[in-house]
Amino acid sequence: MSEKFFDALLVYINKKKILFILALIAAAFAAFYFFVLPKLTENQPVRAVVNSPEMARLSGKVILTYSDSESVLYKGDMLNGHAEGFGSLYEKNGALVYEGGFSNDMYCGQGKLYSENGSLVYSGEFKDNLFHGQGTLYNNLGEVEYKGGFENGKYSGNGELNTAGKVYEGQFNEGLLNGKGTMYSGGVLLYKGEFKDSLFHGAGVLYNDSGETVFSGSFENGQYSGYGELYDGGKLIYRGSFSRGLYNGEGELYSDSGETVFSGSFENGQYSGYGELYDEGKLIYRGWFSHDLYNGDGEVYSEGRLLYRGGFVSGARAGEGSEYNENGEIIYSGTFKDGIYNGEGSLYVSGSLFYKGEFQNGKRTGQGKEYDAEGHLIYEGGFLNGLYDGMGTLYDRKTGVKVFSGNFRDGRPLPEEPKESSGPDASETEKTQ
């Protein structure tokens, strides 16, 4: 038999093949020992006690236990004694607290945070133990409370918040509603517009439970402010300027039927300044107001006809003014007090001057002159409650000649009393002389 073969139990084997097989086995063993085995042992976590001297030198897969028990505190990646990479944190009772990324012992990157009862609290991105980036926050019932952006543990950027029966979709900053967003209540649109510090702020539209517009315009710190339109039951009731939620500045108030009630200036929700007041669409007053009352110069109308033009104080006619009848004829011109004639004034009948003089409590009282329908002076003197009283003079209507001059009472002249003699009769005196 050739020297190139072995004689093995009558089976001849080529020597080169045997050597080749032995070489493969040796190479496989060496590869396992130097490459595979280290990898296998490398993935086996090292156990250590938290805060022990050994912990400071640990890198790779580690299991840390509490110092006073065998319970696992941390399981995951470490670098030079610090949690770095993926890991899980546990309570002493074994409940999972957190699982996800770590950096320098703090939550960082993707992770999940759990409550004491094991329910999920948060799932998303972390930075320095704080919610940071995109994530989802859950309430105690396991329902989504917030989903969106976070920055340093606070809502930030775009997100959706579900709380107190309301849903908000929009922008956040510093954990508060800031920027543009939409709010729903019970699935019904409540508000759409701008927010600041979780309050309506800027341009927006407010709706009621039926989806009807309540207010459309500008807000400031949750209140109507600036220009806007207010609605009731879908009907426009006010259009104009607001401040602190009240009508303030120029605006128009409307009735349920859409007719103008008031057009002019407001202050703190009341008519104040110049404006026009209407009743069933018809002008009844034009002038100045204060605290919802006529105050200052103004004009009163009825069915489009001017009834009064003059001054007002606290809603009553006061100062100089003129009063007119329904035919537009002047009735009175002069001074008023508490809504009645008081002071100097002129009274007219059918447009002709009837009386000119003094008034008290709406009646002719004091000194005055009375005229007939043709403008002739018929009386001049004192008056009391509209009647001639005191010293006065009656004149003939046609000639103007004095008819009587003396005392009057209750509108009638008093007869002259006989003069008493101061001595003997003049004729008798002459006789004695």
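Let me begin by describing the structure that accompanies this report. (Residues numbered from 1 in each chain as written. Predicted model: local features only at pLDDT ≥ 70, side-chain atom pairs only at ≥ 80, totals over all residues. Heavy atoms only, no water.)

1. So, the overall build of the chain
Summing up its helical and strand segments, the chain has 2 helices and 34 strands in all. Total accessible area on the chain is roughly 26,200 Å²; 52% of this is exposed by carbon and sulfur atoms. (Helix = DSSP H or I, 4+ residues; strand = E, 2+ residues; numbered from the N terminus. Areas by Shrake-Rupley, 256 points an atom, 1.4 Å probe, with all protein chains shown as cover.)

2. Points about the environment of Asn342
Within the secondary structure, Asn342 sits in strand 28 (residues 340–349). Placed 22 residues apart in sequence, Asn342 and Glu320 show a C-alpha to C-alpha distance of 10.0 Å. Excluding anything up to four places from it in sequence, Asn342 contacts Tyr332, Thr335, Phe336, Lys337, Phe359, Gln360 and Asn361. In this structure the side chain of Asn342 is engaged in a polar contact, spanning 2.8 Å, whose partner is the backbone nitrogen of Asn361. (Contact = heavy atoms within 4.5 Å. Polar contact = N/O pair within 3.5 Å; in protein donor to acceptor, adjacent residues only side chain to side chain.)

3. Things to note about the pattern of salt bridges
Scanning all chains against the criterion turns up 11 salt bridges. The partner of Lys282 in a salt bridge is Glu303, and the shortest N-O contact between them spans 2.9 Å. Taken together, the residues span a long stretch of sequence, with Lys282 in strand 23 (residues 282–290) and Glu303 in the loop between strand 24 (293–302) and strand 25 (305–313) at a distance of 21 residues. Among the ionic contacts, a cluster of salt bridges with common partners joins Glu276, Arg286, Glu299 and Arg309. (Salt bridge = Lys/Arg side-chain N within 4 Å of Asp/Glu carboxyl O.)

4. What about the pairing of strand 26 (residues 316–324)?
As defined by bridge partners, strand 25 adjoins strand 26 across 5 bridges and the pair is classed as antiparallel. Looking at strand 26, one finds that Arg309 is bridged to Ser322. Where strand 25 hands over to strand 26, the hairpin turn is made up of 2 residues, of which Ser314 adopts a positive phi near 55°. Following strand 26, the chain reverses through 5 residues before pairing antiparallel with strand 27 (residues 330–337); Gly328 in that reversal takes a positive phi of roughly 85°. (Pairing = 2+ DSSP bridges.)

5. Let's talk about the layout of surface pockets
In this structure, the largest pocket encloses a volume near 150 Å³. Every residue along the wall of the largest pocket is listed here: Val50, Asn51, Met55, Leu64, Leu73, Tyr74, Met78, Ala83, Leu89, Phe102 and Asp105. Of all the secondary-structure elements, those providing two or more residues to the lining of the largest pocket are strand 5 (72–79) and strand 6 (82–90). Counting residues per element, the lining of the largest pocket draws most heavily on strand 5, at 3 residues. Looking at the lining of the largest pocket, its residues break down into 9 nonpolar, 1 polar and 1 charged. (1 Å grid on protein atoms, 1.4 Å probe; cavity = no way out; pocket = protein on both sides within 12 Å on 5 of 7 lines; lining within 4 Å. Points joined across faces, edges and corners; volume = space filled by probe spheres on them. Nonpolar A, V, L, I, M, F, W, Y, C, P; charged D, E, K, R; others polar.)

6. Quick word on the packing of aromatic side chains
Evaluated as defined, the whole model comprises 59 aromatic pairs. Seen from their ring centres, Tyr191 and Phe200 are 4.0 Å apart, and the 15° between their planes marks the pair as stacked. No difference in accessibility class separates Tyr191 from Phe200, as the two residues are buried. An angle of 85° between the planes, with centres 5.2 Å apart, marks the rings of Tyr308 and Phe336 as edge-to-face. Residue Tyr308 is located in strand 25, and its partner Phe336 is located in strand 27; the two are separated by 28 residues in the primary sequence. By the burial criterion, Tyr308 is buried, and Phe336 matches it. (Phe/Tyr/Trp six-rings, centres within 6.5 Å; stacked < 30°, edge-to-face > 60°. Buried < 20%, exposed > 50% of the residue type's maximum accessible area, 1.4 Å probe, protein only.)

7. Here's the deal with the environment of Glu145
Within the fold, Glu145 resides in strand 11 (residues 144–151). Measuring from C-alpha to C-alpha, the distance between Glu145 and Glu160 comes to 8.1 Å, with 15 residues separating the pair along the chain. When near neighbours in sequence (up to four residues on either side) are disregarded, Glu145 contacts Leu137, Tyr138, Asn139, Tyr155, Glu160, Leu161 and Asn162.

8. Considerations on the side chain of Ser346
Locating Ser346 in the fold gives a position in strand 28. Overall, Ser346 belongs to the buried group, its relative accessible area being 10%. For Ser346, the contacting residues outside a window of four places in its chain are Ile331, Tyr332, Ser333, Leu353, Tyr355, Lys356 and Phe359.

Interpretation note: all reported values are geometric properties and have no functional meaning in isolation.
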